[in-house]
Amino acid sequence: MTARNASYQPPQPAEGGSAQGGTAPSGIIEGGIAARARAAAAPPYLDGLNAEQREAVETTDGPVLVLAGAGTGKTRVLTTRIAHILATGRARPGQILAVTFTNKAAREMRSRIGALIGQSVEGMAWLGTFHSIGVKILRTHAELAGLKRDFTILDTDDQIRLLKQIIQAENIDDKRWPARQLAAHIDGWKNRGLTPDKVPQGEAYAFANGRGGELYKMYQERLRILNAVDFGDLLLETLDVLRKHPDVLEDYQRRFRYVLVDEYQDTNVVQYLWLRLLARREDGAPGNICCVGDDDQSIYGWRGADVDNILRFEKDFPGSKVIRLERNYRSKAHILAAASHLIAHNEGRLGKTLHTEDEDGEKVAVACAWDSEEEARQIGEEIERLQRKGESLDQIAILVRASFQMREFEDRFVTLGLPYRVIGGPRFYERAEIRDALAYFRVVVQPADDLAFERIVNLPRRGLGDATLKILHAYARHHSVPLTQAAAVLVETEELKPKPRTALRQVLEMFERWRGELETTAHTELAPVILDESGYTRMWLDDKSPDAPGRLENLKELVRSMEPYESMTGFLEHVSLVMDAESGEQEEKVSLMTLHSAKGLEFDTVFLPGWEEGLFPHQRALDESGKSGLEEERRLAYVGITRARQRARIWFASNRRIHGLWQSSIPSRFLDELPASSVDVVETGSVSGNWGYGASRFDNRETFSSPYDTPGWQRAQGRKASGARTSAPRLIEGEVIARSSGTASAFAKGERVFHQKFGYGRVTAIEGNKLTVDFETSGPKRVIDSFLEKH
DNA sequence: CGGAGCGGGATTTTT
DNA sequence: TCCCGCTCCG
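Residues numbered from 1 in each chain as written. Chains lettered and ligands numbered in written order. Predicted model: local features only at pLDDT ≥ 70, side-chain atom pairs only at ≥ 80, totals over all residues. Heavy atoms only, no water.

### Regarding unusual backbone geometry
So, step 1. Note the cis peptide between Leu459 and Pro460, where omega equals 0°.
So, step 2. For Pro460, the location among the structural elements is in the loop between helix H20 (450-456) and helix H21 (466-479).
So, step 3. With an omega of 5°, the peptide bond between Phe616 and Pro617 qualifies as cis.
So, step 4. Even without being a glycine, Asn209 presents a positive backbone phi close to 50°.
So, step 5. Examined against the element boundaries, Asn209 turns out to sit in the loop between helix H9 (201-205) and helix H10 (212-226).
So, step 6. Phi at Asn227 takes a positive value of approximately 55°, unusual for a residue other than glycine.
So, step 7. As for its position among the elements, Asn227 is in the loop between H10 and strand S5 (228-229). (Helix = DSSP H or I, 4+ residues; strand = E, 2+ residues; numbered from the N terminus.)

Dropping the structure here:
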């Protein structure tokens, strides 16, 4: 343990991330002679860890679950633990399996381990995302899965196009049974480890009158023919190989002496099965697996994550140790109190009590705006105020529940000239022009890539329309050959009309030429040549739409991004797994993102707008998943609040436009669940108080027998019991504020009415409960009848 | 082949 | 209301 320490450097203060500031607790605090003795000999990388963190680092053997609350130094523990395992000679870098969900997390871990042990971590070949490790294993044993080693990885877009082809080939109405939906089913099945033969009858029946399972099977067969896999397969097929080939499995079990898992609460069933298999010793006992996670931050249930995995850990891994990290190093006390009190309303949780030694700080502010426009305006003003006080815009974030909420903020920021960045929007590699360019590269490298070939044969237009493609498909299907090969045969026959035949021959010749040049030319030089010679660049140059220049710019950026890769193949492999591109911005900007994409980030100031029933908690989460949906929404609220270091400001608007209609809204039940003692109700002048809103709405109880007796929950139940959401009266503390008639409207054409937002007007048209009213001050608007009063 | 016009859908997102 | 994708027609 000591001999190697010399080569390791003291820990660097963690950059940004979950930096844990202040003084390091010494061994004395931990107490006990043994602890002191350990502290005396402690290697420098353990410096600054608190007792629990240190325990999590040093308990290397057997299964360990580290319950790491928000801001408790989770990444630090994970990386230090790896450094510790390496430093003490327990394993070599290649013997540690460390999995994350995102590439970003994997990158961060890699760089932090590097900083910790003061050297590069190239040896850590098995640090990566579940998917990248899946690919690695699957490529090695491709033939065991009926694949060739150079299989292609389809992204969601390819997947849907392929499914659509299958649905259409089966003469199923793809309008009634959209490929997207089938893709969602298939993903769901794969997430749960279900191969086509294992899909429960009832679920298979849910798509296309019982043909779901059959279509899934056909899809898998088609993938085999294409020598391709989708994202789900990277996990499921790998699992299948490990299950069916004990010798292969044993090989990996022996190799991975230590297994570490980040964000364990986000794992789905396949990932869980995968880990259980890999982290088992040859004698069947659970191996050295360390899962780090926080059940309170499980917000991906809707995409297959199974919170039960973390809740069940102790049962799954007998003899395991559970370590709780409860000291928060991020937020001021009031923020932490608000978040803790809120999340305590959830029933299905392991339970943690976060605490901080930091001062109280500002109370969490709750403010009300008349409508979403005013909400954006007020927040904009507050940001300018903070900016004047010297706060960095980089330290300010607005976290919304749904992306449509972003627009109003963007509009406002543009008007104010306030620099902002949207995080998590459409990603670089998902843009059409990038996907087109990549399709060209894919066909060059892999002529059998039918999906890529189809995407660009006729882009730019070459006169190779549906008719030609149909002939190609027929031939390819009949002879079981890829489309390019079918094309090569068909250009030599009379089957195609002269025009398309020449065009097709030219396309094939181009690809042949580029393929030859790939041998001699650097991929970074060839890429622009391909784009130019194919006419693809020309296509955008000739395009007069306003976004064409931007697309050309993106193409240039794409070529630039190929630089670090040694070959075209290497680059494409990277792209298929890492769908993000780093952009090096330096200007200070406010961040705008959804609550989901905020997980793992932190800011001094966090604005949380849109805390209204129906939006947050989102109605759909409640309708589709009931209580567990509500609890996941509440966890999302918890994630939101705990992003803040210094101040959190929650907003709700009394009126919001949803799908073009103005709807009145009521404050979120989550506001009821905040502790009065840590909240400040902010008077915004005009309207707060209109709702009788005040301290009485907050939760004054220290404890609750059941969280489901809060006013918010009761209200929700009352609403649910009375049927459809729009037909039930909406209540605030007993007062009816809106009533929708559902079918026939109580209003007549020409009638004079009053609306709380627009004032007086006259009804000009009626469509069910949607009325068009010509308002005296603001002109004609479409509104729901329930917000109108007769006058 | 390309543009207009229509209907349906409109949480959250990674790989 | 707004946006996307598909169909239909010239």
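Still more to cover.
### Structural notes on the protein's contact with DNA strand B
So, step 1. Surveying the vicinity of DNA strand B reveals 29 residues, the closest of which are Asn103, Ser403, Arg427, Arg461 and Thr594.
So, step 2. The share of sugar and phosphate among atoms of DNA strand B within 4 Å of the protein is 55%.
So, step 3. At 3.0 Å, a side-chain N or O of Asn458 approaches a phosphate oxygen of DNA strand B.
So, step 4. Take Gly465: an N or O atom from its main chain is 3.3 Å from a phosphate oxygen of DNA strand B.
So, step 5. Counting only elements with at least two residues in the surface near DNA strand B, the list comes to helix H28 (595-598) and helix H29 (619-641).
So, step 6. A per-element tally of the surface near DNA strand B places H29 first, with 4 residues. (Near = heavy atom within 4 Å. Polar contact = N/O pair within 3.5 Å; in protein donor to acceptor, adjacent residues only side chain to side chain.)

### Focus on the protein's contact with DNA strand C
So, step 1. Lining the immediate environment of DNA strand C, one finds Lys164, His659, Gly660 and Arg782.
So, step 2. Considering DNA strand C, the proportion of its atoms within 4 Å of the protein that are sugar or phosphate atoms stands at 46%.
So, step 3. Contact between DNA strand C and His659: a base nitrogen at 3.5 Å from a main-chain N or O atom of the residue.
So, step 4. Its residues assigned to classes, the surface near DNA strand C shows no nonpolar, 2 polar and 2 charged. (Nonpolar A, V, L, I, M, F, W, Y, C, P; charged D, E, K, R; others polar.)

### Overview of helix H5 (residues 103-117)
So, step 1. If you check H5, its first and last C-alpha atoms are 21 Å apart, about what 15 residues at 1.5 Å a residue would give, namely 21 Å.
So, step 2. Those residues of H5 that fall on the buried side of the exposure criterion are Ala106, Met109, Arg112, Ile113, Gly114, Leu116 and Ile117.
So, step 3. Those residues of H5 that are buried lie in contact with helix H4 (74-87), strand S2 (96-100) and strand S3 (127-129).
So, step 4. Remark: Gly118 follows H5 within two positions and exhibits a positive phi of approximately 65°. (Expected span 1.5 Å × (residues − 1). Buried < 20%, exposed > 50% of the residue type's maximum accessible area, 1.4 Å probe, protein only. Contact = heavy atoms within 4.5 Å.)

### Section: the packing of helix H23 (residues 498-520) against helix H24 (residues 523-533)
So, step 1. Remark: H23 packs on H24, axes separated minimally by 11 Å, with the N-to-C direction vectors making an angle of 170°. Here H23 is positioned roughly antiparallel relative to H24, judged by the angle of their axes. In this structure, H23 contributes Met510, Arg513, Trp514, Glu517 and Leu518 to the contact, and H24 contributes Leu526, Val529, Ile530 and Glu533.
So, step 2. Counted by class, the contact of H23 with H24 contains 6 nonpolar, no polar and 3 charged residues. (Axes fitted to C-alpha atoms, helices over the stretch in contact; angles between N-to-C directions. Parallel < 35°, antiparallel > 145°, perpendicular 65-115°, else oblique.)

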